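Structure at a glance
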Amino acid sequence: MRDKYILTAESVTEGHPDKLCDTIADSVLDACLEGDSSAHVACEVLATAGKVLVAGEISAKVMPDIPSIVCRAIREAGYTGLDYEIEVITHDQSDDIVHAVREGVQTGAGDQGIMYGFACDETESYLPLPVILTHRLTRLLTNARKTGMIQGLRPDGKAQVSVEYNFDIPVRLASVVLSCQHDPEKDLDQLREELMDHVIQPALQELPPDGETEILINPSGRFVYGGFEADTGLTGRKLMVDTYGGLAPHGGGALSGKDATKVDRSGAYMARYIAKNIVSAGLADRCTVSLAYAIGKAGPVAVNVDTAGTVEYQDEVLKQAVQAVFDLTPAGMRHTLGLDRPIFAQFCNYGHFTHPDAPWEQTDKTEVLCNACHIKEAGVSDR
């Protein structure tokens, strides 16, 4: 336990170019699942300078109108009156992968990889406070734009929050960074005042700034050009924004644009689901769950539970209980979390683990986990 340290997390708005690419990819996935719940989708999006490229492997009974999906996603993100050249390059999933995934009685993993899930009792969302605060900033920033509370805002934006801890307890706000795109005629001093009143102060009520908190609003000055006009967007480039802000391990696999056979997504969701239920059950103050898979194999090749010494039971007992309670095969994870439904685009922005209605955010396994731990502990003691 450290006596004093700072943890930092960041977030971006739905109009950020990388996040908009994620939204497009997940919207394509949802459209495929609407027509075929067993569709196999690995969709990537690249966009810049008025051009959008949608590429990947899609095997579905009904191929959606991808250009229309792209245009709708861009428009809903807040970019209107702009024309984009859209190119779609997709093909069926590799036959080798198809056979590997479908070989045998159970569905095999669509790829190898290590997925991590994390939870802690620091907030009601079972996430570290910096993660919660920074997503709250970007949500309120977008809301201020959509409702007209702040005039002259444009869709692109990002936030960063640094929290000082003392013996693992958040004690003060060290710094806040908020950058937002705006109309060219918007007065920057007025914008900063409005952002302080309508975004920063409401978002940070849980841990308000003090006299020494560094607050930087549009520190680069003018921010008129944003989105695909200013930067190149790419699917999967905001991994820390999507997960735990870099405050927990990450296996490196992106989430968006992938169906549930891709364990980069389903494994990450299941690991979070497990970790959250462990902490919610009071079995640990913080928990990291890791799942490792091999392509074509149904069950994980490794399962680990790390509670950093905050556990009621031994980590080995928790691991055995997890394996007894949760079906960790791709088919099992898809069934448990309902990942064959078109639900992904709605959870794409502001962190995949901040949405209380997401299937992987439910805490409905606490009782059965406690019972399983009790049984497994008795078995360990008997040995």
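Structure: above.
**Digging into the overall build of the protein**
- Each helix and strand counted, the protein has 11 helices and 11 strands in total.
- Over its C-alpha trace the protein gives a radius of gyration of 22 Å, about what one expects of a compact globule, namely 21 Å for 383 residues.
- Dimensions of the protein along its principal axes, counting C-alpha atoms only, are 75 × 55 × 25 Å.
- Buried residues in the protein amount to 52% of all 383 residues.
- Excluding contacts between residues fewer than 6 apart, the proportion of contacts in the protein whose partners are at least 24 apart in sequence is 74%.
- In the form shown here, the protein has an accessible surface area of approximately 16400 Å², with 46% of it arising from carbon and sulfur atoms.
- Seen as two clouds, the 33 positive and the 56 negative side-chain charges of the protein have centres 1 Å apart.

**Notes on the sheet that holds strand β3 (residues 51–59)**
- What the 4 strands build is an open sheet, ordered β4-β3-β2-β9; its pairing is mixed. Taken across any chain shown, the strands that pair with only one partner, and hence form the sheet edges, are β4 (85–91) and β9 (233–234).
- Relative to β9, strand β2 (residues 40–48) is paired through 2 bridges, and the arrangement is antiparallel. Residue pairing for β9: Ala47 is matched across the bridge by Gly233.
- Sitting on the sheet, helix α1 (residues 17–35) touches β2, β3 and β9, and the angle it makes with β2 is about 150°.
- Contacts from helix α2 (residues 66–76) reach β3 and β4 within the one sheet, and its direction differs from that of β4 by about 130°.

**Observations regarding the pairing of β2**
- Relative to β3, β2 runs antiparallel, the two being bridged by 9 bridges. By the bridge assignment, Val41 is partnered in β3 with Ile58.
- The antiparallel hairpin formed by β2 and β3 contains 2 residues in its connecting segment, where Ala49 sits at a positive phi of about 45°.

**Some points on helix α10 (residues 330–337)**
- When we look at burial in α10, the residues that qualify are Pro330, Gly332, Met333 and Leu337. The buried residues of α10 all sit within an arc of 160° when viewed along its axis, so they share a single face.
- Buried positions along α10 lie against α8 (263–280) and β10 (286–293).

**Considering the nonpolar core**
- Val52, Ile74, Met270, Ile278, Val289 and Trp360 are the most contacted members of the largest nonpolar core, which has 77 residues in total.
- Ranked by residues supplied to this core, first place goes to α8 with 10 residues.
- Residues in contact with Val289, not counting those within four places in the same chain, are Met115, Tyr116, Gly117, Ala271, Ile274, Ala275, Ile278, Asn304 and Val305.
- Counting 24 residues, the second largest nonpolar core, distinct from the first, contains Tyr5, Ile150, Ala159 and Leu178.

**Description of the sheet that holds strand β11 (residues 302–306)**
- What the 3 strands build is an open sheet, ordered β5-β10-β11; its pairing is antiparallel. Looking at strand neighbours, the two that pair on one side only are β5 (113–120) and β11, the edges of this open sheet. Averaged over neighbouring strand pairs, the angle between their axes works out to 10° when direction is ignored.
- Relative to β11, β10 runs antiparallel, the two sharing 5 bridges. When the sheet's bridge partners are listed, Ala292 is paired in β11 with Ala302.
- Here α8 sits on the sheet in contact with β5, β10 and β11, set at roughly 30° to β5.

**Considering the packing of helix α4 (residues 129–147) against helix α5 (residues 188–203)**
- Interaxial distance between α4 and α5 falls to 8 Å at its minimum, and their mutual angle equals 145°. α5 is crossed by α4, and the crossing has right-handed handedness. Across the interface between the two elements, Leu133, Arg136, Leu137, Leu140, Leu141 and Ala144 from α4 touch Leu195, Val199, Ile200, Pro202 and Ala203 from α5.
- Within the contact of α4 with α5, the residues separate by chemical class into 10 nonpolar, no polar and 1 charged.

What counts as what
- Residues numbered from 1 in each chain as written.
- Predicted model: local features only at pLDDT ≥ 70, side-chain atom pairs only at ≥ 80, totals over all residues.
- Heavy atoms only, no water.
- Helix = DSSP H or I, 4+ residues; strand = E, 2+ residues; numbered from the N terminus.
- Rg over C-alpha atoms; globule rule 2.2 N^0.38 Å.
- Buried < 20%, exposed > 50% of the residue type's maximum accessible area, 1.4 Å probe, protein only.
- Contact = heavy atoms within 4.5 Å.
- Areas by Shrake-Rupley, 256 points an atom, 1.4 Å probe, with all protein chains shown as cover.
- Lys, Arg positive; Asp, Glu negative; His and termini not counted.
- Charge placed at Lys NZ, Arg CZ, Asp CG, Glu CD.
- Pairing = 2+ DSSP bridges.
- Axes fitted to C-alpha atoms, helices over the stretch in contact; angles between N-to-C directions.
- Arc of directions from axis to C-beta.
- Core = buried A, V, L, I, M, F, W, Y, C linked by side-chain atoms within 4.5 Å.
- Left-handed = near helix turned anticlockwise from the far one by under 90°.
- Nonpolar A, V, L, I, M, F, W, Y, C, P; charged D, E, K, R; others polar.

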